[in-house]
Amino acid sequence: MAGRRDGLLTRPGGSPSRGSRIAMAVAVGILLGCVCAFLYPDGLFRSFSTSPYHVQGKSEKCETAERTNTLKSELASLSQKNEELKKQVMELISKLKLAEQGKDQAQKQFLALGQQHKAGAFGTVKSLRTNPAVIPDESVNPRLAKMLEKVAVRKELIVALANSNVKDMLELWFQNIKRVGIPNYLVVALDDGIERYCNASGVPVYRRNSEEGIDRIGRDGSNHAVSGLKFHILREFLQLGYSVLLSDVDIIYLQNPFDHLYRDSDIESMSDGHSNMTAYGYDDVSDDPPMGWARYAHTMRIWVYNSGFFYIRPTIPSIELLDRVADRMARQPDSWDQAVFNEELFYPSHPGYEGLHASKRTMDIYLFMNSKVLFKTVRKDAHLRRLKPVIVHVNYHPEKFERMKAVVDFYVNGKQDALDPFPDGSRS
Ligand SMILES: *[C@@H]1O[C@H](CO)[C@@H](O)[C@H](O)[C@H]1NC(C)=O
Ligand SMILES: *[C@@H]1O[C@H](CO)[C@@H](O)[C@H](O)[C@H]1NC(C)=O
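Everything quoted here is computed from the prediction, not taken from an experiment. Counting starts from 1 at the beginning of each chain's written sequence and moves along it residue by residue. Chains carry letters from A onward and ligands carry numbers from 1 onward, assigned in written order. At least 70 in pLDDT is required for a residue's local features to be given in this predicted model, at least 80 for side-chain atom pairs to be given and counted, and no such filter applies to totals for whole chains, interfaces and linings, which use all residues. By convention in this description, side-chain values take in all heavy atoms of the structure and omit both hydrogens and water.

So, the sheet that holds strand β4 (residues 243-247)
Should DSSP find at least two bridges between two strands, the strands are taken to pair. Each helix is a run of DSSP H or I of at least 4 residues and each strand a run of E of at least 2, with the numbering of both proceeding from the N terminus. Read from one edge of the open sheet, seven strands run β3-β2-β1-β4-β9-β6-β10, paired in mixed fashion. Pairing within the sheet leaves two strands with one partner each, and these edge strands are β3 (205-207) and β10 (360-362). Pairwise comparison of adjacent strand axes, ignoring direction, gives a mean angle of 30° for this sheet. Here β4 runs beside strand β9 (residues 305-312); their pairing, made up of four bridges, is antiparallel. Counterpart to L245 in the pairing with β9 is Y311. The contact definition used throughout considers only heavy atoms, calling two residues in contact when any of these lie within 4.5 Å. To define axes, lines are fitted to C-alpha atoms, for helices over the stretch in contact only, and angles between the resulting N-to-C directions are given on a 0 to 180 degree scale. Of the strands in this sheet, β1 (156-162), β2 (185-189) and β4 are in contact with helix α7 (residues 167-180), which crosses β2 at around 165°.

A word on unusual backbone geometry
Of note in the backbone geometry, R154 takes a positive phi value of approximately 45° without being a glycine. Examined against the element boundaries, R154 turns out to sit in the loop between α6 (142-151) and β1.

Some details on the site of ligand 1
Close to ligand 1 lie E195, R196 and N199. A 3.5 Å cut-off defines polar contacts: any pair of N or O atoms within that distance qualifies, except that in protein one atom must be a possible hydrogen donor and the other a possible acceptor, and neighbouring residues in sequence count only when both atoms are side-chain atoms. A distance of 3.3 Å separates a nitrogen atom of ligand 1 from a polar side-chain atom of E195. Near, as used in this document, describes a residue that has one of its heavy atoms within 4 Å of the molecule or strand being considered.

Remarks on helix α16 (residues 400-411)
Helix span is expected to be 1.5 Å times the residue number reduced by one. When the terminal C-alpha atoms of α16 are compared, their 16 Å separation across 12 residues agrees well with the 16 Å that a helix rising 1.5 Å per residue should span. When accessible area is computed with a 1.4 Å probe and restricted to protein chains, residues below 20% of their type maximum are described as buried, those above 50% as exposed, and intermediate ones as partly exposed. Taken as a whole, α16 has its buried residues at R403, M404, A406, V407, V408, F410 and Y411. Buried residues along α16 sit against α7, β5 (251-253), β11 (368-370), α14 (371-377), α15 (382-386) and β12 (391-393).

As for the pairing of β1
β1 sits mainly inside the fold: seven of its seven residues count as buried. On β1, burial covers both faces: E156, I158, A160 and A162 on one face and L157, V159 and L161 on the other are all buried. Of the pairings in the sheet, the one linking β1 to β4 comprises four bridges and is parallel in character. Each bridged residue has a counterpart across the sheet, and for L157 the counterpart in β4 is V244.

Remarks on the sheet that holds β5
Taken in spatial order, the three strands line up as β5-β12-β11 in an open sheet, and their pairing is mixed. The open sheet has two free edges, formed respectively by β5 and β11, since each of these has just one partner strand. The average angle at which neighbouring strand axes cross in this sheet is 15°, direction not considered. Here three bridges tie β5 to β12, and the two strands are oriented antiparallel to one another. In the sheet register, I252 faces β12, and the bridge partner there is V392. The sheet strands contacting α16 are β5, β11 and β12, and the helix crosses β5 at an angle near 20°.

A few points about the packing of aromatic side chains
Each Phe, Tyr or Trp ring (for Trp, its six-membered ring) is paired with any other whose centre lies within 6.5 Å, and the angle between the two planes then decides the class: stacked below 30 degrees, edge-to-face above 60, tilted in between. Following the criterion strictly, the structure yields 11 aromatic pairs and no others. Their ring planes at 70° and their centres at 5.9 Å tell us that W173 and Y185 sit as a pair that is edge-to-face. A residue pair is termed long-range when its members are at least 10 positions apart, and W173 in helix α7 and Y185 in strand β2 qualify at 12 residues. Note on accessibility: W173 and Y185 belong to one class, buried. Taken together, W173, Y185, Y253, F309 and F368 form an aromatic cluster joined through their ring pairs. Here, a charge over a ring is recorded when the distance from Lys NZ or Arg CZ to the ring centre is within 6 Å and its angle to the ring normal is within 35 degrees. Directly above the ring of Y197 sits K167, whose terminal nitrogen or CZ lies 4.6 Å from the centroid.

Remarks on helix α8 (residues 192-201)
Within the sequence span of α8, burial applies to I194, Y197 and C198. The arc that holds every buried residue of α8, seen down its axis, measures 95°, which confines them to one face. Facing away from the buried side of α8, by more than 90 degrees, are the exposed residues R196, N199 and A200. For α8, the side-chain oxygen to backbone nitrogen distance between the N-cap and G193 is 3.4 Å, and the N-cap itself is D191. Among the residues trailing α8, G202 stands out with phi positive, at a value near 65°. Of all possible arcs, the one meant is that of the directions from the helix axis to the C-beta atoms.

The following block contains the structure:
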């Protein structure tokens, strides 16, 4: 048979003889048979052989039934291999699908941000830092949604958490907010006493329904437990579509902060830094003399963001940040929320860890001033003394209430010596 086929294929040009025409017909028949057998699995082949036409054709042109059997068994093994291959491909596809699922969510978010673009010319390229706000979801908390409609201005407001332990500071806090004329602020009361007090003082107050277990923390928990709760509660404000200026109560308002925000980042926060370098970042060179030529290693340092005063926009990265901090606070109750907040915000992805990709902005340290800046630098500098901050946060000192009153005396009542009695740091 091989010989015949060879003959057919290698015969030079010229009209074929009668014998060679028969050989050609035989070869074509076999070829057709093989092709059909190869293309169709067992079933079709069997139907072929039961068709009288083909059986007759074969009995005339094919050599033997033996050949048919060989083909059949070859086919069987081929289709078995085919099945195995198919199975392997299906497995690969399902593995691929699984791998894709993780990326899927992020990709959808990314696609939602807009079309793909070509990069523009040198110097014209600017990446996205102002992420789109989420679609407000009132079903999360209809009661809070109604309240925020009344209290918020342009979908933003100041929010402070308070329990009865901080009543004195809270009073000073809202007195100054009222004096400056800021209408959009809200106290989240963690106990009945504070709710009553706010009601009586004409302060917008929101008391969560106490069925949620986390509220128990607010009533009798430590400061740090309250800090963890804060991130849970904030989430609802963001889900409802509001930007929140989260505020501790040891803060004196001297101007309306909403006139001094950039609103271009997920998180815009005041700094614990006390100078341009420490607040905005610098190259801290580490020295390892035994390394000789390469003894200097450059490191990046920045003083932490203050988790007691930050503006957070209602975006996916912002909500993810709150979730990550709340989750870690729940799993590591002894951790400090400010440290966790900063780690989640700043650490990049690395093996075994996926970093958060939130955009951030450090607030001006002389406008959003911490008490270290005030007591160590500003009060001793003739020029800086004349600048009026937007807020002063007494975060660096334990005798908070006294220093808060002194800040009011200095900036509001014009008592030039009001800050003098206090040392730079704490008394002990
Ligand atoms: C505070 O005022 C609200 C609205 O008027 C009221 O529903 C709530 O019961 C008051 N809370 C307290 C503790 O008096
Ligand atoms: C800190 O930065 C501000 C703004 O860039 C600048 O005006 C000021 O002079 C800087 N202060 C110091 C001490 O370098």
